Amino acid sequence: MTLRSIFSTILLSGCALIATAQTKSSHHNTQSAHQRAHQEMLANVKSSKMDRSVVNDMIRNDVAKRESDVVASLSPESQTMINDLLAEANKHIGKPYRHGMKGPNAFDCSGFTSYVYKQFGYSISPASRIQYTDGVKVDRKHLRKGDLVFFTSRSSGKNVGHVGIVVSADNETGAFKFIHASIRGVKISECEGYYANRYVGARRIITE
């Protein structure tokens, strides 16, 4: 092999090594770029989750404040009256349902609500459809104890056919419990299933 050939071989080998080193360096840089991008994505996801958590906390705090404001808007006398009204309603749990009866030994649904309110000086109609015009309208997520809640019945079509009194309400979810004269007698029920599908609206009798 001539000297020129040896020199050419060495030169070619050197170029090949340089190209290989450049390729590895480029590959390493690409991997680093990908790793940085992945880390940024993870940081964004964590930040996003944190932001949603903060927003959810703000919503919960706002709901709690509004509920507190609703209660605070009642006078102490009215708050006591509502508690007494519900205590009176609870005394009749288990009493039988009788169509057209207004108590105190048996009730239909509107007879029950009108009887309970009458004990505290409020005269409301003994008919559920007319009760639905009494007081002031209340959104489902602004319910409080003592509000009247209305439903359709199997025989009322799309009209009001049943009524009860709210005993507790979760205004964040819209869930509530109510006491009423059902066909199985006076009882406390949750607004779910049958009643959730038939819910019409609510009215507030005690407003101050």
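For the structure itself, consult the block above.
Keep in mind the model is a prediction, meaning the values are calculated, not measured.

### Thoughts on the packing of aromatic side chains
Here a ring pair, both rings aromatic, is described through the centre-centre distance and the interplanar angle of the planes. Taken as a whole, this structure holds eleven aromatic pairs when the rule is applied. Here the aromatic rings of Phe107 and Phe112 are separated by 5.3 Å at their centres, their planes lie at 80°, and the arrangement is edge-to-face. Summarising the burial analysis for this pair, Phe107 and Phe112 share the class buried. The interplanar angle of 85° and the centroid separation of 5.1 Å between the aromatic rings of Tyr194 and Tyr195 together place this pair among those described as edge-to-face. Taken together through their ring pairs, the aromatic side chains of Phe151, Phe176, Phe178, Tyr194, Tyr195 and Tyr199 make up a single cluster. We note Arg140 situated over the ring of Tyr199; from NZ or CZ to the ring centre the distance is 5.0 Å.

### A closer look at the packing of helix 2 (residues 76-90) against helix 3 (residues 109-118)
Two elements in contact, helix 2 and helix 3, have axes whose closest approach is 9 Å; the angle formed by their N-to-C orientations is 130°. Overall, the two elements helix 2 and helix 3 adopt an arrangement that is oblique. Crossing of helix 2 over helix 3 shows right-handed handedness. Only Phe112, Tyr115, Val116 and Tyr117 of helix 3 make contact with helix 2, whose side of the interface consists of Leu85, Glu88 and Ala89.

### Comments concerning helix 3
Of all ten residues making up helix 3, nine are buried, and the element is well covered by its neighbours. Of all the positions in helix 3, only Cys109, Ser110, Gly111, Phe112, Thr113, Ser114, Tyr115, Val116 and Tyr117 are classed as buried. Contacts from the buried residues of helix 3 go to helix 2, helix 4 (128-131), strand 2 (148-151), strand 3 (162-170), strand 4 (175-182) and strand 5 (185-190).

How each quantity is defined
All residue numbers here refer to positions counted from 1 along the written sequence of the relevant chain. With pLDDT at 70 or above as the cut-off, local features in this predicted model cover only qualifying residues; side-chain atom pairs require 80 or more to be listed or tallied, and sums for whole chains, interfaces and linings still use all residues. As a rule here, side-chain values cover all heavy atoms of the structure and leave hydrogens and water aside. Aromatic rings from Phe, Tyr and Trp, taking only the six-membered ring of Trp, are treated as a pair when their centres fall within 6.5 Å; an angle between ring planes under 30 degrees marks them as stacked, one over 60 as edge-to-face, and anything in between as tilted. Each residue is assigned to one of three classes by its accessible area relative to the maximum for its type, calculated with a 1.4 Å probe on protein chains only: buried under 20%, partly exposed between the two thresholds, exposed over 50%. Placement of a positive charge over a ring is assigned whenever Lys NZ or Arg CZ falls within 6 Å of the ring centre and within 35 degrees of the normal to the ring plane. Axis definition: a line fitted to C-alpha atoms, over the contacting stretch in the case of helices. Angles run 0 to 180 degrees between N-to-C directions. Runs of H or I in DSSP of at least four residues are treated as helices and runs of E of at least two as strands, each being numbered from the N terminus. For classification purposes, an angle smaller than 35 degrees is called roughly parallel, one larger than 145 roughly antiparallel, one from 65 to 115 roughly perpendicular, and anything else oblique. Take the far helix as the reference: if the near one is turned anticlockwise from it by less than a right angle, the crossing is left-handed, and if turned clockwise, right-handed. Residue contacts are defined here by distance: any two heavy atoms, one from each residue, within 4.5 Å place the two residues in contact.

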